[in-house]
Amino acid sequence: MAKSKFDFAEQHGFSKPNDDRALHLMTKCAQTVMQELEDIVMAYGQSDEYSFVFKKKSNWFKRRASKFMTHVVSQFASSYVFYWKDYFKDQPLLYPPGFDGRVVLYPSNQNLKDYLSWRQADCHINNLYNTVFWMLVQRSGLTPVQAQDRLQGTLAGDKNEILFSEFNINYNNEPLMYRKGTVLIWQKVNEVTTTKIKLPKETEDKEVEVTRTRTKAVPLHCDIIGDQFWEEYPEILADS
């Protein structure tokens, strides 16, 4: 998000440390981008950001970086406004949000995996800190400055110990969406819909259930730092 995400979250009443509405809205926007730009093979999101991975041999807009960036960012921003009311039913959007972006060309699969691993590691580090920070503020009554001072110089183990000993929270039991972020990949999904058909010798239409298989951008909350994810979905790094 281009404008300060902290100001935007505060002015729109986001829950802390995580607001499910905001996270699900971001994922909906990313899914919309993937549906519009089918050369995207996966996406990874956390907090107020999403990364999109295009096919290696994509010739979309003749591989012009400016076209990639402007189309992704504009589609994402317009989707955020369009779907806002579906997730924030009682909170009006006070002003149009803005998003920025950049295009990076990674020379190898390993470079790409390293980048995505860094984003997921960053998600864990930030979420662990924010979880402890807001517990100290909301439940221990510390001011933000006091909570920041309390956490200064602490390691991951120290933060886990504070959560468990003072708030009876096992960080490993926190939702995976908070700890791992969200991965979007293409998967075939069966959708059941109801339709009306006219039967011979029948005066009224009859409702029947129809199952259709569609390929959709499906959210996963899993580890992408290790090899298991990439071995399970080798098509993401394929040469196509």
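Everything discussed here concerns the structure shown above.
Rules behind the numbers
Residues numbered from 1 in each chain as written. Predicted model: local features only at pLDDT ≥ 70, side-chain atom pairs only at ≥ 80, totals over all residues. Heavy atoms only, no water. Phe/Tyr/Trp six-rings, centres within 6.5 Å; stacked < 30°, edge-to-face > 60°. Helix = DSSP H or I, 4+ residues; strand = E, 2+ residues; numbered from the N terminus. Buried < 20%, exposed > 50% of the residue type's maximum accessible area, 1.4 Å probe, protein only. Lys NZ or Arg CZ within 6 Å of the ring centre and 35° of its normal. Salt bridge = Lys/Arg side-chain N within 4 Å of Asp/Glu carboxyl O. Polar contact = N/O pair within 3.5 Å; in protein donor to acceptor, adjacent residues only side chain to side chain. Contact = heavy atoms within 4.5 Å.

Enquirer: Please set out the packing of aromatic side chains residue by residue, giving values where relevant.
Expert: Enumeration over the complete set of coordinates arrives at 23 aromatic pairs. Relative to Tyr95, the ring of Phe8 has its centre 5.6 Å away and its plane inclined at 85 degrees; by these criteria the two rings are edge-to-face. Remark: Tyr95 occurs in the loop between α3 (65–87) and α4 (109–138) and Phe8 occurs in helix α1 (residues 5–11); sequence separation between them is 87 residues. For Phe8, a relative accessible area of 2% translates into the label buried. With 4.9 Å between their ring centres and 85 degrees between their planes, Trp60 and Phe68 make a pair best called edge-to-face. Here Trp60 and Phe68 have matching classes, each one buried. Linked through ring pairs, Phe8, Phe14, Tyr50, Phe52, Phe76, Tyr80, Trp84, Phe88, Tyr95 and Phe99 together constitute an aromatic cluster. Above the face of the Tyr83 ring, Lys28 is positioned so that its terminal group lies 4.9 Å from the ring centre.

Enquirer: Residue-level account of the pattern of salt bridges, with values.
Expert: According to the stated counting rule, one finds seven salt bridges in the structure shown. The partner of Arg119 in a salt bridge is Glu49, and the shortest N-O contact between them spans 2.8 Å. In this pair, Arg119 sits in helix α4 while Glu49 sits in strand β2 (residues 49–54), placing the two residues 70 residues apart along the sequence. Using a relative accessible area of 27% as the deciding quantity, one classes Glu49 as partly exposed. A salt bridge links Glu166 to Arg150; the nearest nitrogen and oxygen atoms lie 2.4 Å apart. With Glu166 in helix α6 (residues 156–167) and Arg150 in helix α5 (residues 144–151), this pair connects stretches of sequence that are 16 residues apart. Exposure remark for Arg150: the relative accessible area of 36% places this residue in the partly exposed category. One continuous salt-bridge network, built from bridges that share partners, spans Glu49, Arg119 and Asp122.

Enquirer: Please give an account of the side chain of Ser58 that cites residues and values.
Expert: Position of Ser58 relative to the elements: it lies in the loop between β2 and α3. For Ser58, a relative accessible area of 3% puts it in the buried group. A polar atom in the side chain of Ser58 sits 3.3 Å from the backbone nitrogen of Trp60. Leave out the neighbours within four places in its chain, and Ser58 touches Asp39, Arg63 and Phe68.

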